[in-house]
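Survey of secondary and tertiary structure
Take a look at the letters that make up each chain.
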Amino acid sequence: MSTRSAARFVRYRVMAHPDGPFHISAMCTNAACHFVVFPTEKHDEVSRQMQEHTARTGHAVFSRTIQDTAAVVLGDRADA
């Protein structure tokens, strides 16, 4: 008895999960500074804290990270 297997190409796509929130964080890029805003869903709060930090220190360049929850779903067969 022989075993047969069929391989097929399945296309997936990655998308933001519709029920998942976006989180944003920031950190000052000045080498001597350790200012960080931890991930939060309150995007306006991150901006406010960055502005206050700039007003206090003069540091005006930040690295921001935006995180979402991702889902991998089957792609549309019409795309294949």
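Provided above is the structure to which this section pertains.
Residues numbered from 1 in each chain as written. Predicted model: local features only at pLDDT ≥ 70, side-chain atom pairs only at ≥ 80, totals over all residues. Heavy atoms only, no water.

**A look at the sheet that holds strand E4 (residues 62–67)**
What counts is decided by this rule: DSSP bridges decide pairing: two strands pair if at least two such bridges lie between them. Here a strand is any run of E in DSSP of at least two residues, a helix any run of H or I of at least four, and the numbering for each starts at the N terminus. Only the contacting stretch of a helix is used when fitting its axis, a line to C-alpha atoms as for every element, and angles between N-to-C directions run 0 to 180 degrees. Working rule for contacts: check all heavy atoms of both residues, and any pair within 4.5 Å makes them a contact.
Strands sit in the order E3-E2-E4 across an open sheet of three strands; the sheet is antiparallel. The open sheet has two edge strands, strand E3 (36–40) and E4, and neither has a second partner. Neighbour-to-neighbour, the strand axes of the sheet open up by a mean angle of 10°, direction not taken into account. Summarising the sheet, strand E2 (residues 23–28) and E4 pair through six bridges and their orientation is antiparallel. Among the inter-strand pairings, Met27 is bridged to a residue of E4, identified as Ser63. Sheet strands touched by helix H1 (residues 43–57): E2, E3 and E4. Its angle to E2, the strand with the most contacts, is close to 10°.

**A closer look at the nonpolar core**
To be explicit about the condition: Working definition of a nonpolar core: buried Ala, Val, Leu, Ile, Met, Phe, Trp, Tyr and Cys residues. They are joined through side-chain atoms within 4.5 Å. Burial classes: relative accessible area under 20% of the type maximum marks a residue as buried, over 50% as exposed, and values in between as partly exposed (1.4 Å probe, protein chains only).
Ranked by size, the top nonpolar core spans nine residues in total: Ile24, Ala26, Cys28, Cys33, Phe35, Val37, Val46, Met50 and Phe62. Of all elements in the fold, only E2 and H1 reach the threshold of two or more residues within this core. By residue number, the principal contributor to this core is E2, which donates three residues. Leave out the neighbours within four places in its chain, and Ala26 touches Phe35, Val36, Val37, Val46, Met50, Ser63 and Arg64.

**Here's the deal with the environment of Val72**
By the element assignment, Val72 lies in strand E5 (residues 70–74). Residue Val72 is classed as exposed on the basis of its relative accessible area, which comes to 59%. With 59 residues separating them along the chain, Val72 and Arg13 place their C-alpha atoms 5.7 Å apart. Not counting chain neighbours up to four residues away, the residues in contact with Val72 comprise Tyr12, Arg13 and Val14.

**Some thoughts on the pattern of salt bridges**
Selection rule: A pair is scored as a salt bridge if a Lys or Arg side-chain nitrogen falls within 4 Å of a carboxyl oxygen belonging to Asp or Glu.
Scanning all chains against the criterion turns up two salt bridges. Between Arg48 and Glu45 there is a salt bridge, and its shortest N-O distance comes to 2.3 Å. Linking Arg48 with Glu45, this pair stays in helix H1, spanning three residues, or about one helical turn. The class of Glu45 is partly exposed, set by a relative accessible area of 27%. Here Glu52 and Arg48 are joined by a salt bridge, their closest N and O atoms 2.3 Å apart. Residue Glu52 and its partner Arg48 are both found in helix H1; the two are separated by four residues, about one turn of the helix. Residue class for Glu52 comes out partly exposed when judged on its relative accessible area of 37%.

Just distances and angles here, no functional claims.
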